[in-house]
Amino acid sequence: TVTAYQQYGFSSPEELDEACSAAYAAMQESLTELKQVEKTLNGKKELQRQVLAYSKTRPVRDGLKQQKNAKAKAAYRQKHESDFIIADAAARYFRENGISKLPSYKALQAEIESLIKEKNSGYNDYRAKREEYRRLQTVKGNIDQILRRSEPQRRKEQNHERQYPP
């Protein structure tokens with residue numbers, strides 16, 4: 001503990017407390033950034049799922065346009081009802097999120113891969129900061145324990161001297 005205390009270059013317990021606070025703040029900041037990247041990544045993955053679902057229903061939607069009359073359109077729509085439900089859900093998702101032009105699947109995939117790399121490096125950064133915080137907490141706890149032990153011993157010695165003067 002003393003070696004670690006000296007390696008960090010602390011000259012007082014207050015400096016150690018400040019370092020612990022700074023390490024905790026850095027860890028929390030890293031975690032916040034990581035959560036933001038994960039949120040963005042999940043949003044992109046959901047958009048990708050909706051784009052894929054919408055594009056898979058394109059032949060069915062085009063088939064509806066080829067039907068000549070209302071009766072044939074109704075029969076066709078009923079026959080392919082599940083595909084139209086999927087397409088309608090995807091269209092609703094696009095409207096709710098203000099997406100007027102669909103991004104390409106490949107562009108989304110590239111963006112997702114980039115976000116995954118960013119997330120992985122963010123996790124590595126967070127783990128390193130968490131480990132640093134834990135080390136500082138351990139050193140702080142040990143130093144506090146050492147200081148507390150030596151204080152009562154001194155008090156006992158002082159009390160002992162008062163009761164039995166030399």
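So, here is what we can say about the structure in this document.

Rules behind the numbers
Sequence order as written defines the numbering, with residues in each chain counted from 1. In keeping with the predicted nature of the model, local features appear solely for residues at pLDDT of at least 70, side-chain atom pairs appear and are counted solely at 80 or more, and the whole-chain, interface and lining totals rest on all residues. Each side-chain value is derived from all of the structure's non-hydrogen atoms; neither hydrogens nor water enter the calculation. Here a helix means four or more residues in a row that DSSP labels H or I, a strand means two or more in a row labelled E, and each is numbered from the N terminus. Throughout this description, buried means an accessible area under 20% of the type-specific maximum (1.4 Å probe, protein chains only), exposed means over 50%, and partly exposed covers the range between. Any pair of residues with heavy atoms lying within 4.5 Å of one another is described as a contacting pair. The axes are straight lines fitted to the C-alpha atoms, using for helices just the contacting stretch, and the angles between their N-to-C directions are given from 0 to 180°. Roughly parallel means an angle under 35 degrees; roughly antiparallel, over 145; roughly perpendicular, 65 to 115; everything else is oblique. The classification used treats Ala, Val, Leu, Ile, Met, Phe, Trp, Tyr, Cys and Pro as nonpolar, Asp, Glu, Lys and Arg as charged, and all other residues, Gly among them, as polar. Among buried residues, the Ala, Val, Leu, Ile, Met, Phe, Trp, Tyr and Cys ones that are joined through side-chain atoms within 4.5 Å form a nonpolar core. Geometry of aromatic contacts follows a simple scheme: Phe, Tyr and Trp rings, the Trp one being its six-membered ring, pair when their centres are within 6.5 Å, and the pair is stacked under 30 degrees between planes, edge-to-face over 60, tilted otherwise. Distance and angle both matter: a charge sits over a ring if NZ of Lys or CZ of Arg is within 6 Å of the ring centre and within 35 degrees of the ring normal.

The subject of this paragraph is the side chain of Thr-57. The topology assignment puts Thr-57 in the loop between helix H2 (13–56) and helix H3 (58–66). Under the relative-accessibility criterion, Thr-57 is labelled buried at 3%. Beyond its immediate chain neighbours, meaning those up to four positions away, Thr-57 contacts Asp-83, Ile-86 and Ala-87.

With their axes 9 Å apart at the nearest point, H3 and helix H5 (residues 81–96) run at an angle of 110° to one another. When the axis of H3 is compared with that of H5, the two are roughly perpendicular. Residue-level contacts link Val-60, Arg-61 and Leu-64 of H3 to Asp-83, Phe-84 and Ala-87 of H5. In the contact of H3 with H5, the residues fall into 4 nonpolar, no polar and 2 charged.

Moving on: the nonpolar core. Among the nonpolar cores identified, the biggest contains 12 residues, and these are Phe-10, Leu-16, Ala-19, Cys-20, Ala-23, Met-27, Leu-34, Tyr-126, Tyr-133, Leu-136, Val-139 and Ile-143. Going through the elements one at a time, H2 and helix H6 (105–163) are the ones with two or more residues in this core. Among the elements that line this core, the one with the most residues is H2, at 6 residues.

Let us now look at the packing of aromatic side chains. Evaluated as defined, the whole model comprises 4 aromatic pairs. Ring geometry for Tyr-54 against Phe-94: centres 5.7 Å apart, planes inclined by 85°, an arrangement best described as edge-to-face. With Tyr-54 in helix H2 and Phe-94 in helix H5, the pair connects residues that are 40 residues apart, well separated along the chain. For the ring pair Tyr-76 and Phe-84, a centre distance of 6.5 Å and an interplane angle of 75° mean the geometry is edge-to-face. Here Tyr-76 falls in the buried class, since its relative accessible area comes to 16%. Taking relative accessible area as the criterion, Phe-84 reaches 5% and is therefore assigned buried. In this structure an aromatic cluster arises from ring pairing among Tyr-54, Tyr-93 and Phe-94. Its guanidinium or amino end placed over the ring of Tyr-54, Arg-61 lies 3.8 Å from that ring's centre, counting from NZ or CZ. Against the face of Phe-84 rests Arg-77, its NZ or CZ located 4.5 Å from the ring centre.

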